[in-house]
Amino acid sequence: MILALLAFAQCIYAVDYSIVFVALPEIRTGVGFSAQTLQWVVSAYAVAFGGFLLLGGRAADLFGRRRMFTFGLFLYAASSLAGALAGDPTTLIVARAVQGIGGAFLAPSTLSLVTTTFAEGPERNRALAIWGGAGGSGMILGSLLGGVLTGAFGWASIFFANVPLAGGAMLLAFLIIPKDTDQGVSGRKFDLPGALTATVGSTLLVFTLVQGPESGWTSPTILVTAAISVVILGIFFTVEGRGRDPLLPLRLFRNRNLSTGTVVTFIFMGTFGALPYFFTLYFQSVHGYSATKSGIAFLLPCVGVLIGNLSGGKLATRFGVRATLTGALLLGLIGTVAFAFSVSPSGTYLQLVPGVLILSLGQGTIFTAMYAAATTGVASEDQGIASGVASTGQQVGAAVGLAVLVAIANSGHEGLTGEALRVATSDGVRTAMWATVAGIVLILLVVTNFRRAPVAPAAEETERQDGVASAV
């Protein structure tokens, strides 16, 4: 029951990442966004999520994972209601930012509840497969639901839907998840300087990376925010290196799997995580699908991702996470290449099926296996901040990757209209897919840094003692 609730919560904030993509055209006309400000319906969520994740992760360790889990769900429900009722762009952007903050508390508490409830190894891999299935398929399911709800009830329905879902999950948490205990954290203090510098520095950095392609990397705003974020993050790492109870213990980065896993999640979300946006763009802007038809078109990738998610845990247990990730990345690479070749102004949905199905299977498997790898060997009392680190890589990667790929896809579209714009959009989507292929190749190189067969610390100690005994 705990795992079912955690998977449901994971699905809620995964759905929320992509549910707005299909609804963006209606949000623009219904709320009054300009073409330049519309991206902040997505970016406000990503910036706040990425900026507050380290704070949310450490808060889960120090103040209780159930408390932070329910707090995150409360923020989700309240901000979703505000977003549904928004009548102007500013209110909706603020609501999306608060949703992002809710996600920053919810994501690490959810993942750390999984990793501390289930023992490292096959049991945890199976749990992560279910949890990952909810998250990976949730990103695709969000586009499906966004299309269906928007087509039937209007754009506000995608926010109203969150209110009973998040509120219900919050109430169930008090009944299902055991109460937090203070064991293991007595005498530990909250690192306020670290929390402030991490949150402000991370938020400014994500803002810079998201807004850079739109404003220009040499614009005064981008140069100033980049410089301030670097200075503040420099102060943060100095504070963390000297503090007794740091927000982010730098010793965690000695865990090669966590460090490598964070890089993998960053590039993964910057490539695979941007696919729902480009699917939507291709369906609606090139082939003229309605919101409802676009949502239905996401059924195929949703099924593929779910199958991949559920297979990922078994494959990681049997072959190890490094081998599983390598195989899944190759599968995703083949699928993305096939999808790129099938993109055309005159193409049909049937032509997309092989590529979309193959890359979705690989995407789902990767999502499960990369978190199984990243959380291996992390002590229980640090699982919250470790989950926050990995999730920061995920969210920052999503924000940066989407901004960069959108800039690549839209290059040269200025002044185009009608058929010329439709053809250019198709070409832009194809170019973005080739950039995604390059990103997947980079992930393949990074994955080689994972340990070949991660084992639990207890197992490592047993092997060491056996080796000493044999030598004697």
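Scroll up for the structure.
What this report covers is the structure whose coordinates are included nearby. (Residues numbered from 1 in each chain as written. Predicted model: local features only at pLDDT ≥ 70, side-chain atom pairs only at ≥ 80, totals over all residues. Heavy atoms only, no water.)

Remarks on helix 10 (residues 256–271)
Relative to the 22 Å expected for 16 residues at 1.5 Å per residue, helix 10 spans 23 Å between its end C-alpha atoms, a close match to the ideal helical length. In terms of burial, helix 10 is a largely internal element, twelve of the 16 residues being buried. Among the residues making up helix 10, those that are buried are N257, L258, T260, G261, T262, V264, T265, I267, F268, M269, G270 and T271. (Helix = DSSP H or I, 4+ residues; strand = E, 2+ residues; numbered from the N terminus. Expected span 1.5 Å × (residues − 1). Buried < 20%, exposed > 50% of the residue type's maximum accessible area, 1.4 Å probe, protein only.)

Points about the nonpolar core
Ranked by size, the top nonpolar core spans 109 residues in total, and within it I27, F69, F278 and F339 carry the most contacts. Here this core gets 18 residues from one element, more than from any other, and that element is helix 1 (residues 2–32). Discounting residues that sit within four places of it in the chain, F278 has contacts with L405, V406, A409, V429, A432 and M433. Core analysis: the next-biggest nonpolar cluster, separate from the first, contains 17 residues, L54, F105, L252 and V378 among them. (Core = buried A, V, L, I, M, F, W, Y, C linked by side-chain atoms within 4.5 Å. Contact = heavy atoms within 4.5 Å.)

Topic: a nonpolar patch on the surface
A contiguous nonpolar patch, built from L81, L85 and F160 and spanning about 290 Å² of accessible area, is present on the exposed surface. Here L85 is to be found in the loop between helix 3 (65–84) and helix 4 (89–117). Classification of L85 by relative accessible area gives exposed; the value is 61%. (Patch = residues over 30% accessible without salt bridge, like charges linked within 9 Å, V, L, I, M, F, W, Y side chains within 5 Å. Areas by Shrake-Rupley, 256 points an atom, 1.4 Å probe, with all protein chains shown as cover. Salt bridge = Lys/Arg side-chain N within 4 Å of Asp/Glu carboxyl O.)

Observations concerning empty space enclosed by the protein
Evaluated as defined, the whole model comprises two cavities of 30 Å³ or more. By volume, the second largest cavity amounts to about 30 Å³. Around the second largest cavity sit F279, F283, A297, P301, Y349, L352 and V356, which together line it. At three residues, the largest contribution of residues to the lining of the second largest cavity is made by helix 15 (residues 349–374). Tallied by class, the residues present in the lining of the second largest cavity amount to seven nonpolar, no polar and no charged. (1 Å grid on protein atoms, 1.4 Å probe; cavity = no way out; pocket = protein on both sides within 12 Å on 5 of 7 lines; lining within 4 Å. Points joined across faces, edges and corners; volume = space filled by probe spheres on them. Nonpolar A, V, L, I, M, F, W, Y, C, P; charged D, E, K, R; others polar.)

Focus: the packing of aromatic side chains
All chains considered together, the criterion is met by 16 aromatic pairs. Ring geometry for F283 versus Y289: centroids 5.3 Å apart, planes at 10 degrees, classification stacked. Accessibility classification places F283 together with Y289 in one group, the buried group. Among the aromatic residues, ring-to-ring pairing joins F279, Y282, F283, Y289, F298, F339 and Y349 into one connected group. If you follow K293 out to its NZ or CZ, it ends over the ring of Y289, 4.5 Å from the centre. (Phe/Tyr/Trp six-rings, centres within 6.5 Å; stacked < 30°, edge-to-face > 60°. Lys NZ or Arg CZ within 6 Å of the ring centre and 35° of its normal.)

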